[in-house]
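Each chain is listed here by its residues.
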Amino acid sequence: MQQLLTIFTSTMIITIGRQLAAGGRAVGKMLAERLSLRYYDSALLALAAKESGLSEEAFSAADEQYNIFTLALSSDNQRLFRIQSDVIGKVAADGDCVFVGRAADYVLRQRQDVLSVFLTADTGDRIDRLMKDRQITEKEALTLIEKADRRRADYYNFYTGKEWGRACSYHLCINTSQIPIESAVELICQAIIKKETEKH
């Protein structure tokens, strides 16, 4: 890790897209702690609310929650996305950070100091994690997964014109069923080193 902190002299921004129960928050928080980065997931909603003067509930209601038809028909949702995107840009301009979700990889696509990651996992493992974490049945877990995947895909695809979860949309994709959380963090750190060294 000392190698990473020594070699990386420019801004370090990591964006994490993720399937539900694939370990996105765990990986993001671990990276933030290990590399002394600021961490943002749903906290961005509070920042966007403060910035705009609108209620946090309005942003929560629009946060990765709507199907493609609702998104296309609602100018309010598109306005909220623009406000949230502005906040993401301002946070990134202040320096090193980790973003989980919110299409941050697309919002920051013009920056050269961003490493975008997508985390996936096998459906069975995702079901097991949700059953354990939320104390729900297998059927309930599968329903949550299917709804979350559909909503996140609609949200991401609508606003970015890219395909959520498709490998070519990101710098690095990791299956946390095959690569454990700790190893995924190490792999992302190595990718940061590789990206930085190739600049020189």
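Read on for an overview of the structure. (Residues numbered from 1 in each chain as written. Predicted model: local features only at pLDDT ≥ 70, side-chain atom pairs only at ≥ 80, totals over all residues. Heavy atoms only, no water.)

**Re the overall build of the protein chain**
Link 1 in the chain: Along the protein chain, the regular secondary structure elements total ten helices and five strands.
Link 2 in the chain: Taking all 200 residues of the protein chain together, 47% fall into the buried category.
Link 3 in the chain: Sequence separation of at least 24 residues holds for 71% of the intrachain contacts in the protein chain that already meet a minimum separation of 6.
Link 4 in the chain: Summed over its atoms, the accessible surface of the protein chain is roughly 10,200 Å², and 49% of this surface lies on carbon and sulfur atoms. (Helix = DSSP H or I, 4+ residues; strand = E, 2+ residues; numbered from the N terminus. Buried < 20%, exposed > 50% of the residue type's maximum accessible area, 1.4 Å probe, protein only. Contact = heavy atoms within 4.5 Å. Areas by Shrake-Rupley, 256 points an atom, 1.4 Å probe, with all protein chains shown as cover.)

**A closer look at the pattern of salt bridges**
Link 1 in the chain: Under the defined criterion, the tally for this structure stands at seven salt bridges.
Link 2 in the chain: A salt bridge links R34 to E186; its shortest N-O distance comes to 2.4 Å. Of the two residues, R34 is situated in helix α2 (residues 24-35) and E186 in helix α10 (residues 181-197); the sequence distance between them amounts to 152 residues.
Link 3 in the chain: Judged by relative accessible area, E186 falls into the partly exposed class, the value being 34%.
Link 4 in the chain: The partner of R111 in a salt bridge is D113, with the nearest N and O atoms 2.7 Å apart.
Link 5 in the chain: For R111, a relative accessible area of 27% gives the class partly exposed.
Link 6 in the chain: Overall, D113 belongs to the buried group, its relative accessible area being 13%.
Link 7 in the chain: Because the salt bridges share partners, they merge into one network encompassing R34, E182 and E186. (Salt bridge = Lys/Arg side-chain N within 4 Å of Asp/Glu carboxyl O.)

**Observations regarding the pairing of strand β3 (residues 97-100)**
Link 1 in the chain: Here β3 shows a buried face lined by C97 and F99 and a second buried face lined by V98 and V100.
Link 2 in the chain: Pairing geometry for strand β1 (residues 13-18) and β3, over four bridges, is parallel. Bridge pairing in β3 places I13 opposite C97.
Link 3 in the chain: Here three bridges tie strand β2 (residues 38-40) to β3, and the two strands are oriented parallel to one another. The residue bridging Y40 from the neighbouring strand is F99, located in β3. (Pairing = 2+ DSSP bridges.)

**Quick look at helix α8 (residues 123-134)**
Link 1 in the chain: When the terminal C-alpha atoms of α8 are compared, their 16 Å separation across twelve residues agrees well with the 16 Å that a helix rising 1.5 Å per residue should span.
Link 2 in the chain: Those residues of α8 that sit buried are R126, I127 and L130. Across the axial projection of α8, the buried residues extend over an arc of 100°, all falling on one side.
Link 3 in the chain: Looking at the buried positions of α8, the neighbouring elements they touch are α9 (138-160).
Link 4 in the chain: Of the residues trailing α8, Q135 is marked for its positive phi of about 55°. (Expected span 1.5 Å × (residues − 1). Arc of directions from axis to C-beta.)

**Topic: α10**
Link 1 in the chain: If you check α10, its first and last C-alpha atoms are 25 Å apart, about what 17 residues at 1.5 Å a residue would give, namely 24 Å.
Link 2 in the chain: A184, V185, I188, C189, A191, I192, I193 and E196 are the residues of α10 that are buried.

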